[in-house]
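# Coordinate inspection notes
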Amino acid sequence: MTSSEPEYTTLRSQVVAKAALLIVVVGATGIGLLTERQRRFEAAHSMTVAHRKADELEREIRKLRAEIADRLTPSRIDARIDSLQETSNERFDPIVWSNGAVREPTE
């Protein structure tokens, strides 16, 4: 029996080594999968934050456009042009666009 005892011990140590290696590989795979899952969660969170910021900026743009539209009524623009023409001797002529080129206004 003494000759089979070293074979048994060697076989047993090989099985233990294989089991330990299997445990390490499964653990490393699990850690890798959890890491990848965490990265996906962080990417989704970053996208959500970016979308919220974009929505906030869009709301701010809408507010500013509404405020500009309230302030720039045709009557206010005409009044401002008239007041500028009264204080200076310059004329405000419209810019005429034709085929992408600016033409000088005719007098």
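Residues numbered from 1 in each chain as written. Predicted model: local features only at pLDDT ≥ 70, side-chain atom pairs only at ≥ 80, totals over all residues. Heavy atoms only, no water.

## Observations regarding the overall build of the protein chain
When you go through the protein chain residue by residue, the secondary structure sums to 2 helices and 2 strands. In the protein chain, which comprises 107 residues, the share counted as buried stands at 0%. A total of about 10,300 Å² of accessible surface is found on the protein chain, and carbon and sulfur atoms cover 59% of it. (Helix = DSSP H or I, 4+ residues; strand = E, 2+ residues; numbered from the N terminus. Buried < 20%, exposed > 50% of the residue type's maximum accessible area, 1.4 Å probe, protein only. Areas by Shrake-Rupley, 256 points an atom, 1.4 Å probe, with all protein chains shown as cover.)

## Overview of the confidence of the model for the protein chain
Averaged over all residues, the pLDDT of the protein chain equals 86, while 86% of them reach at least 70. Predicted confidence in the protein chain is weakest over strand β2 (residues 101-103), with a mean pLDDT of 60, and strongest over helix α1 (residues 4-71), with 94. (pLDDT = per-residue confidence, 0-100.)

## With respect to the pattern of salt bridges
Evaluation of the coordinates by the stated rule reveals 2 salt bridges. We note a salt bridge from E36 to R39, for which the minimum N-O separation is 3.4 Å. Placement of both E36 and R39 in helix α1 is noted, with a separation of 3 residues, approximately one turn of the helix. Residue classification places R39 among the exposed positions, given a relative accessible area of 51%. A salt bridge links R71 to E67, with the nearest nitrogen and oxygen atoms 2.9 Å apart. One end of the pair, R71, and the other, E67, are both in helix α1, 4 residues apart, so they sit about a helical turn from each other. On the basis of relative accessible area, R71 is assigned to the exposed category, the value being 53%. (Salt bridge = Lys/Arg side-chain N within 4 Å of Asp/Glu carboxyl O.)

## A look at a nonpolar patch on the surface
A cluster of nonpolar side chains, I68, L72 and I77, forms an exposed patch at the surface whose accessible area comes to about 270 Å². Given the relative accessible area of 49%, I68 is considered partly exposed. (Patch = residues over 30% accessible without salt bridge, like charges linked within 9 Å, V, L, I, M, F, W, Y side chains within 5 Å.)

## Looking at the environment of S83
Here S83 is to be found in helix α2 (residues 74-87). Overall, S83 belongs to the partly exposed group, its relative accessible area being 29%. Here R80 takes part through its backbone oxygen, which lies 2.8 Å from a polar atom of the side chain of S83. (Polar contact = N/O pair within 3.5 Å; in protein donor to acceptor, adjacent residues only side chain to side chain.)

## Brief notes about the environment of I81
When you line up the elements, I81 lands in helix α2. As a C-alpha pair, I81 and F92 span 11 residues in sequence and 7.5 Å in three-dimensional space.

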